[in-house]
Structures are given as structure tokens and as C-alpha cells.
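Chain by chain, the residues:
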Amino acid sequence: MGTDVGLWHSEKDHLARVNLPGARGSYAVHALVEDRHGQILVGALGHGLYRRGENDDWQRLTEDGDRGSKVIWALCEDDRDTLWAATEVGLARWRTGEWRCYDDLQSELPRRARSVICDARDGLWISSLSGVATVERLAIDVLSPGTDAMLPSDWFDRSDGLPSVTCTDVQGALHKTADGRIWVGTLRGAAVMDPHDWQMRRDRLDAPGVRIEAVS
């Protein structure tokens, strides 16, 4: 269990705090996920990413020089064994033993990401304090470190049906149901959309979408 006062483990009616190496004092755990290999991964705010080994020993996967990987709000693993993280500086990726942060890209990706989730169409959804964005994972994977290429993304706000652009700051702010729909938790309620239906409608457009903002 991730709480505002650390990571806790319950077994046989016994509740005990888990000691993460290098994480001292009071810290919050908002990111908690089990990967496809059965390993537990935890994001401790201010300390970074941890992984539990087979012998219940914990390994810190964040180095002191890792940019943006210390303040992790949410984690999501895709079908390629890639771990995506919503961090205080935006989207980050953990793969093949190293971090890659995307806060230096020329893109409109959220800078203060709060939750991240993968859909069934190779899309990555990111909630933030200013709305929800989606980007294709393939477009991210082809980017080389230090590139200044523009990363295309789509944003959703109140005009698209969100009750509020400010999403909750917990990992469950984004949730994918069994039928593939994406639920979004905001400070003014929940919203839901079908990524497949949205993509099909967007692919059929012959011209950019038009929004009427005022009539006089």
C-alpha cells in the first residue's frame, strides 16, 4: 500500500512499513505497480524508483544524476517491458536499465504529469494539472536523445467533455477498463472516452476540426 507516510505491507493481519534503501524520514508513495514478471515497482516522492527482488530485497533504480526521475506520481508498464512514469517535470521512460526524460522536447506534452496509462492502440495517455494529452508510443521510441524534433500530441480539455482540466494527483486518475475505454478522474468528477472510436473519427477527417467559440 502506498500512503502519504511511506510504503506498507500487510500479511496475516500484520501491518508493517517497508524500508526502502536511501529513503529516510516521511515520504509519500503515489506510484505502485506490478510488472509482467511479478516484480513490484514503487515510486517514492523525492527518492525515485524502487524494484523489489526475488528475495524481498529492494533496489533503487534512480541515480542521483537522473533528471526528473525522483518525483514520480504514477507508473505504467506496456507490452514491450517498458515502464512509463508521470513525473513532476513530465513524461519519463525506464527501459533497458536507464532513464529517458522528455522534458526537453519541442512538444506540448504535460510538464507536470500526474498519471500515465497505455491504451490498446499503441497510444500513451497522460493526465496533468492542465488537461489530458495523448501521444503515440512509436513516435516517442524513434526519437534520439538530444533531438529537437517536434513530438505530435493531442490534448483534451473542458471543450471535449472533461468536467475540469485539473486531474487528481493519484495514479488512478487514469484507468483503462476491460473494453478499452479510458476513464479520467478530475477535481470536478469523472469522464470516459473510447480511444478506438476517437481515432476512427479523427482518421476520417479531411480537414482540421472546427470549434465555434463565440457568436455575435
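Every value quoted in this text rests on a predicted model; they were computed, and no experiment measured them.

Undergrad: Lay out the environment of Leu41 with the relevant residues and their values.
TA: The residue Leu41 is located in strand 5 (residues 40–44) in this model. Its relative accessible area of 4% is what places Leu41 among the buried residues. For Leu41 and Gly53, which are 12 residues apart along the polypeptide, the C-alpha to C-alpha distance reads 9.7 Å. In contact with Leu41, not counting residues within four places along its chain, are Ala31, Leu32, Val33, Asp35, Leu49, Tyr50, Arg51, Leu61, Leu75 and Leu83.

Undergrad: Report on the sheet that holds strand 19 (residues 182–186), specifying residues and quantitative values.
TA: Strand order across the open sheet formed by three strands is 18-19-20, with antiparallel pairing between neighbours. The outermost strands of the open sheet, each flanked by one partner alone, are strand 18 (174–176) and strand 20 (189–193). In this sheet, neighbouring strand axes are inclined to one another by 20° on average, regardless of whether the strands run parallel or antiparallel. Of the strand pairs in this sheet, strand 18 and strand 19 are connected by three bridges, and their pairing is antiparallel. Paired with His175 across the strands is Trp183, a residue of strand 19.

Undergrad: Requested: an account of the pattern of salt bridges, with residues and values cited.
TA: Overall, the coordinates contain 11 salt bridges when judged by the stated rule. Linking Asp78 and Arg137 is a salt bridge whose minimum nitrogen-to-oxygen distance equals 3.4 Å. One end of the pair, Asp78, is in the loop between strand 8 (72–77) and strand 9 (83–87); the other, Arg137, is in helix 1 (residues 137–141), with 59 residues separating them in the sequence. Across the pair, exposure class does not vary: Asp78 and Arg137 are buried alike.

Undergrad: I'd like a rundown of the nonpolar core, residues and numbers included.
TA: In this structure, Trp84, Leu91, Val116, Leu124, Trp125 and Ile140 are the most contacted members of the largest nonpolar core, which totals 28 residues. Listed by contribution, the elements that provide at least two residues to this core are strand 8, strand 9, strand 13 (113–118), strand 14 (123–128), strand 15 (131–136), helix 1 and strand 19. Core analysis: the next-biggest nonpolar cluster, separate from the first, contains 13 residues, Leu41, Leu61, Leu83 and Trp94 among them.

Reading the values: rules and limits
Here, residues in each chain are numbered from 1, in the same order as that chain's written sequence. Whole-chain, interface and lining totals are the exception, using all residues; otherwise, since this is a predicted model, local features are given only for residues with pLDDT of at least 70 and side-chain atom pairs are given and counted only at 80 or more. Values shown for side chains rest on all heavy atoms present in the structure; no hydrogens or waters enter the calculation. Every helix listed is a DSSP run of H or I at least four residues long, and every strand listed is a run of E at least two residues long, numbered separately from the N terminus. Throughout, exposure labels follow a simple rule: accessible area from a 1.4 Å probe, protein chains only, divided by the maximum for the residue type, with under 20% read as buried, over 50% as exposed, and the rest as partly exposed. Two residues form a contact once any of their heavy atoms are found within 4.5 Å. Strand pairing requires that DSSP identify at least two bridges connecting the strands. Axes here mean lines fitted to C-alpha atoms, for a helix over just the part in contact, with angles spanning 0 to 180 degrees between N-to-C directions. Any carboxyl oxygen of Asp or Glu that lies within 4 Å of a side-chain nitrogen of Lys or Arg is treated as forming a salt bridge with it. Among the buried residues, those of types Ala, Val, Leu, Ile, Met, Phe, Trp, Tyr and Cys that are joined through side-chain atoms within 4.5 Å form a nonpolar core.

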